Amino acid sequence: MAEISAGTIELRDDRIKKKWTTEIQPFLISRFPVTQEFYFEVTRESPSTFTGENLPVETLTWKDAVIFCNSLSTREGLELYYIIQDNIEEISSNVEADGFRLPTEAEWEYACKAGTNGIRYAELDLIAWYKDNSGNAPHPVGQKEPNAWGLYDMLGNVWEWCSDIYDETVYGSYRIIRGGGWSDEERSVMATTRRRSHPLKFKIEDLGFRIAKNK
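Values in this document were obtained by computation on a predicted structure and should not be read as measured data.

**Q** Whenever I open this one, the packing of helix H1 (residues 36-43) against helix H2 (residues 62-75) confuses me. Can you help?
**A** A packed helix pair is summarised by two numbers, namely the angle formed by the two axes and the spacing between the axes. Where H1 meets H2, the closest approach of the two axes is 9 Å, and the angle between their N-to-C directions is 65°. The interaxial crossing formed by H1 with H2 has left-handed handedness. Every residue of H2 that contacts H1 at Phe38, Tyr39, Glu41, Val42 and Thr43 is listed here: Asp64, Phe68, Ser71, Leu72 and Arg75.

**Q** Would you mind going over the nonpolar core with me for this structure?
**A** Buried together is how nonpolar side chains tend to be arranged in soluble globular proteins. Residues Phe27, Cys112, Met154 and Leu155 are the most contacted members of the largest nonpolar core, which totals 25 residues. Listed by contribution, the elements that provide at least two residues to this core are strand E1 (2-4), strand E2 (7-13), strand E4 (27-29), helix H3 (105-113) and helix H4 (124-127). Examining the composition of this core, we find that 5 residues originate from one element, H3, more than from any other. For Phe27, the contacting residues outside a window of four places in its chain are Ala2, Glu3, Ile4, Arg101, Glu107, Tyr110, Ala111, Lys213 and Lys215. Ranked by size, the runner-up nonpolar core spans 23 residues in total, among them Tyr39, Val42, Leu60 and Cys69.

**Q** Hey, could you run me through the packing of aromatic side chains in this one?
**A** Each aromatic ring pair is characterised by the separation of its centres together with the angle its planes make. Going through the model one piece at a time under the given rule, you end up with 9 aromatic pairs. Ring centres of Phe38 and Phe68 lie 5.4 Å apart, and the angle between their planes is 85°; on these two criteria the pair is classed as edge-to-face. Pair noted here: Phe38 is in helix H1 and Phe68 is in helix H2, with a separation of 30 residues, a long-range link. For Phe38, a relative accessible area of 24% gives the class partly exposed. Taking relative accessible area as the criterion, Phe68 reaches 0% and is therefore assigned buried. The structure contains a cluster of three or more aromatic residues connected by ring pairs, namely Phe38, Tyr39, Phe68 and Phe209.

Cut-off values and rules
Residue positions within a chain follow its written sequence, with the count starting from 1. The predicted nature of this model means local features are confined to residues of pLDDT at least 70 and side-chain atom pairs, given and counted, to a pLDDT of 80 or more, with totals for whole chains, interfaces and linings taken over all residues. As a rule here, side-chain values come from all non-hydrogen atoms in the structure, and water together with hydrogens is ignored. Axis definition: a line fit to C-alpha positions, over the contact stretch in the case of helices; interaxial angles, taken between N-to-C directions, run 0 to 180 degrees. Only runs of H or I of at least four residues qualify as helices and only runs of E of at least two qualify as strands under DSSP, and these elements are numbered from the N terminus. Here a crossing is taken to be left-handed if its near helix is turned anticlockwise relative to the far helix by less than a right angle, and right-handed if that turn runs clockwise. Working rule for contacts: check all heavy atoms of both residues, and any pair within 4.5 Å makes them a contact. In this description, a nonpolar core means a group of buried Ala, Val, Leu, Ile, Met, Phe, Trp, Tyr and Cys residues linked to one another through side-chain atoms lying within 4.5 Å. Exposure classes here rest on a 1.4 Å probe applied to the protein chains alone. A residue is buried below 20% of its type maximum, exposed above 50%, and partly exposed in between. Here the aromatic set is Phe, Tyr and Trp, taking the six-membered ring for Trp, and pairing holds for ring centres within 6.5 Å; pairs whose planes are under 30 degrees apart are stacked, those over 60 apart are edge-to-face, and all others are tilted.

Okay, here's the thing in structure tokens:
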């Protein structure tokens with residue numbers, strides 16, 4: 001995992017024409033999206049539509065991703081970050097826990113940009129698998145160039161679940177996804193693109209996740 005220093009990030013939502021600034025505390029984030037091999041090692045499950053040990057795991061819900069985080073925390077002897085109760089849809093967080101979690105969207109964008117200010121940290125074809133170069137399939141992680149902080153596949157390959165609720169007053173429990181995927185047009189594969197979907201029901205073959213951790 002990469003150590004990310006404290007800082008600030010300005011987020012924006014073009015849908016509602018809003019900008020806001022968020023303070024970032026130091027945290028850790030995985031250099032790669034979670035792979036199918038790693039996911040199977042922790043959960044003994046293989047949910048992905050495409051098959052390959054070093055491909056990013058995909059076709060999983062937000063809840064699947066947080067269950068993975070808790071399972072990995074248990075394996076490593078860490079305090080669980082997520083509080084999951086049987087038969088209750090709401091999942092809460094112990095924000096002081098040292099266990100694994102999903103990044104917040106502010107952490108995700110801050111890590112993705114790696115000190116840059118544009119919509120991408122480098123030329124798209126050098127850093128991302130997207131519709132024009134993917135061959136309509138995901139690719140093994142780490143084949144494209146990393147950003148300045150050593151993070152791979154932050155853009156393209158698969159979208160990534162973040163921890164945050166998108167807009168509870170409009171979309172209820174919908175969670176945020178970031179980064180763009182292998183089937184997306186160039187215009188969607190940007191550090192600033194925000195999308196959302198249902199945390200318990202939505203899963204698709206170009207949506208995965210990477211893990212984070214309090215420092």
